[in-house]
Amino acid sequence: MKFAALRDKLTRPYLFGAGLSMMADNIEHVITYWVLWQTFHSPVLTGFQVISHWLPFLLLSVPFGALAERYDNRKLIQIAQGLFMLVSLAWGVLFMTGTLELWHACVLLVVHGCAGALWAPAEQMMLHDYAESQDLPGAVRLNATFRNLGMLAGPIVGSFLLWFLGPAWGILANILFYLPMTVFMARTPYTGHTRSGFTLAKRPGFGEMFGVIRSVAHDKVLLGMILISGLAALCVGGSLQVSIPDFATTLGAGDEGGIGYGLLLFANGVGGVVGGLLLEATGWVRPSAKAAVIATVLFGATTITVALSSSYVLAIVALVIGGVAALTSATIGQALVQLRAKTEERGRVVGVYNMFGSGLRTGNGVTLAVLGSLLGIGWAVAWGGIALVIGALIIWAVMARQLRAPAA
């Protein structure tokens, strides 16, 4: 059923809560990054902001996935939301009292990153209670769409709060956007294990947690979806977003902060929102490994187009299409991972998916910096797109052999 998740009275507030929490996450980035630059003018701290956000996903996603298998995911989500709110409160007090020091910033940035890594697997596990297996791809797609909507609205609302309330009161007001998800988790009857009835009986050891990677390797489709998510994170990651100021100048779109620059930023985010809604409404794309690979190749191709284009209009179109392709690839990959993972390993498998799909964005910043200094930003982003296209086709070639095996 189309938009089945939005029709359900329990799933609907869950999706809206996820969107608001993701918006609050991005609002915090807008306000704190501005204050940290104005206070310290430190390029090293700027790099640490990116690393501290994504490194916890790389290091902690699998252990946090194991927690999601064993414990009530409502509580884990509430703990994550509580950490987000605590960090915002600490920023607000430090801004208001003028006592912010560099070590304060580093600690709070790390705690914020850890909260995001804790939230991710628990949030995805909850979708299995809210949706039947046949509706799970749509629920994953709508969840990603609402999260993208939050990421799109975050900079706008964050700029508004920064302008009208100032950094201290703005970041304190941001706490309110985390509350709906926190309160809803106290009211929903689901735990993330309700439908399956399975929870881990004991805490897995370190070897058991990462041993799931070996079991995943036997399913080439499952492994392929995980590798594609990691490839997209490593090759493209957030490079498009951080490179848009340079592209705007190259395309003659005016000074940073102008309408031309704003449209590029908007196009970069709106594709994921509009694309998610269109895909859910039309049902044009069925969740399959082939569809995920095609979407990934299209995302790589549009990335190359944006990076090397001399046409502003073409860049806008490519950014929108790329947003649709990126969301399609990510949501199909996530749905296949959750559907193909064994029930007794699902939390850890989701953790592995997050480790690759989010954690490897840490490496994307390094490759962008190195290649950007050698080749220029445009060619650095373009080579990332080229690597993504080639890598996705190689992964498909390996997966296709397993998909043909039953027929043989």
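Residues numbered from 1 in each chain as written. Predicted model: local features only at pLDDT ≥ 70, side-chain atom pairs only at ≥ 80, totals over all residues. Heavy atoms only, no water.

A. Molecular detail of the overall build of the chain. Looking only at helices and strands, one finds 17 helices and 0 strands in the chain. Its C-alpha atoms give the chain a radius of gyration of 21 Å, near enough to 22 Å, the size a compact globule of 408 residues would have. Counting only C-alpha atoms and orienting by the principal axes, one finds that the chain spans roughly 60 × 45 × 40 Å. Looking at the chain as a whole, 53% of its 408 residues qualify as buried. Restricting to contacts in the chain with at least 6 residues of sequence separation, those with at least 24 account for 86%. Per element, the accessible surface of the chain, about 17800 Å² overall, is 69% carbon and sulfur. In the chain, the 24 positive side-chain charges and the 18 negative ones have mean positions that sit 10 Å from each other. (Helix = DSSP H or I, 4+ residues; strand = E, 2+ residues; numbered from the N terminus. Rg over C-alpha atoms; globule rule 2.2 N^0.38 Å. Buried < 20%, exposed > 50% of the residue type's maximum accessible area, 1.4 Å probe, protein only. Contact = heavy atoms within 4.5 Å. Areas by Shrake-Rupley, 256 points an atom, 1.4 Å probe, with all protein chains shown as cover. Lys, Arg positive; Asp, Glu negative; His and termini not counted. Charge placed at Lys NZ, Arg CZ, Asp CG, Glu CD.)

B. Representation of the packing of aromatic side chains in the model. If you walk through the whole model with that rule in mind, you get 8 aromatic pairs. Residues F84 and W119 carry aromatic rings whose centres are separated by 6.0 Å and whose planes lie at 85 degrees to one another, so their mutual orientation is edge-to-face. Of this pair, F84 sits in helix α4 (residues 73-97) while W119 is found in helix α5 (residues 102-130), placing the two residues 35 residues apart along the sequence. Here F84 matches W119 in class, with each residue buried. Measuring from ring centre to ring centre gives 4.5 Å for F160 and F164, while their planes differ by 40 degrees; the resulting arrangement is tilted. Within this pair, F160 and its partner F164 are both found in helix α6 (residues 136-164), separated by 4 residues, close to a single helical turn. With relative accessibility at 48%, the residue F160 sits in the partly exposed group. Aromatic ring contacts, followed pair by pair, group Y14, Y130 and Y190 into a single cluster. Positioned over the ring face of W119 is R147, at 4.9 Å from the centre of the ring. (Phe/Tyr/Trp six-rings, centres within 6.5 Å; stacked < 30°, edge-to-face > 60°. Lys NZ or Arg CZ within 6 Å of the ring centre and 35° of its normal.)

C. Inspection of a nonpolar patch on the surface at higher detail. Nonpolar side chains collect at one region of the surface, where L308, V366, V370, L371, L374, L375, W379 and W383 lie side by side and expose about 780 Å² of accessible area between them. Only α16 (361-375) and α17 (377-404) provide two or more residues apiece to the nonpolar patch. With respect to the secondary-structure elements, L375 resides in helix α16. (Patch = residues over 30% accessible without salt bridge, like charges linked within 9 Å, V, L, I, M, F, W, Y side chains within 5 Å. Salt bridge = Lys/Arg side-chain N within 4 Å of Asp/Glu carboxyl O.)

D. Layout of the pattern of salt bridges. Inspection of the entire model under this criterion finds 5 salt bridges. The partner of E69 in a salt bridge is R348, with the nearest N and O atoms 2.7 Å apart. Within this pair, whereas E69 is found in helix α3 (residues 43-70), its partner R348 is found in helix α15 (residues 346-359), the two being separated by 279 residues in sequence. Using a relative accessible area of 9% as the deciding quantity, one classes R348 as buried. Across the salt bridge formed by R340 and D219, the nearest N and O atoms sit 3.0 Å from each other. Of this pair, R340 sits in helix α14 (residues 312-340) while D219 sits in the loop between α9 (206-216) and α10 (220-235); the two residues are 121 residues apart in sequence, bridging distant segments of the chain. Here R340 falls in the partly exposed class, since its relative accessible area comes to 37%.

E. How the structure looks around the environment of M23. Tracing the backbone through its elements, the reader meets M23 in helix α2 (residues 11-40). Looking at M23, the relative accessible area reads 9%, which means it is buried. On a C-alpha basis, the gap between M23 and F146 in space is 9.5 Å, while along the polypeptide they are 123 residues apart.

F. Spotlight on the nonpolar core. Counting residues in each nonpolar core, the largest one holds 56 residues, and the members touching the most others are Y14, I77, W91, F95 and M185. The biggest single contributor to this core is α5, with 13 residues. Counting 46 residues, the second-largest nonpolar core is a separate cluster that includes V212, L222, A307 and A382. (Core = buried A, V, L, I, M, F, W, Y, C linked by side-chain atoms within 4.5 Å.)

G. Up close: the side chain of N73. Here N73 lies in helix α4. According to the relative accessible area criterion, N73 is buried, its value standing at 0%. Side-chain polar atoms of N73 contact the backbone oxygen of A68, separated by 3.1 Å. Excluding residues that lie within four positions of it along the chain, N73 makes contacts with A68, A122, M125, M126, T191, G192 and H193. (Polar contact = N/O pair within 3.5 Å; in protein donor to acceptor, adjacent residues only side chain to side chain.)

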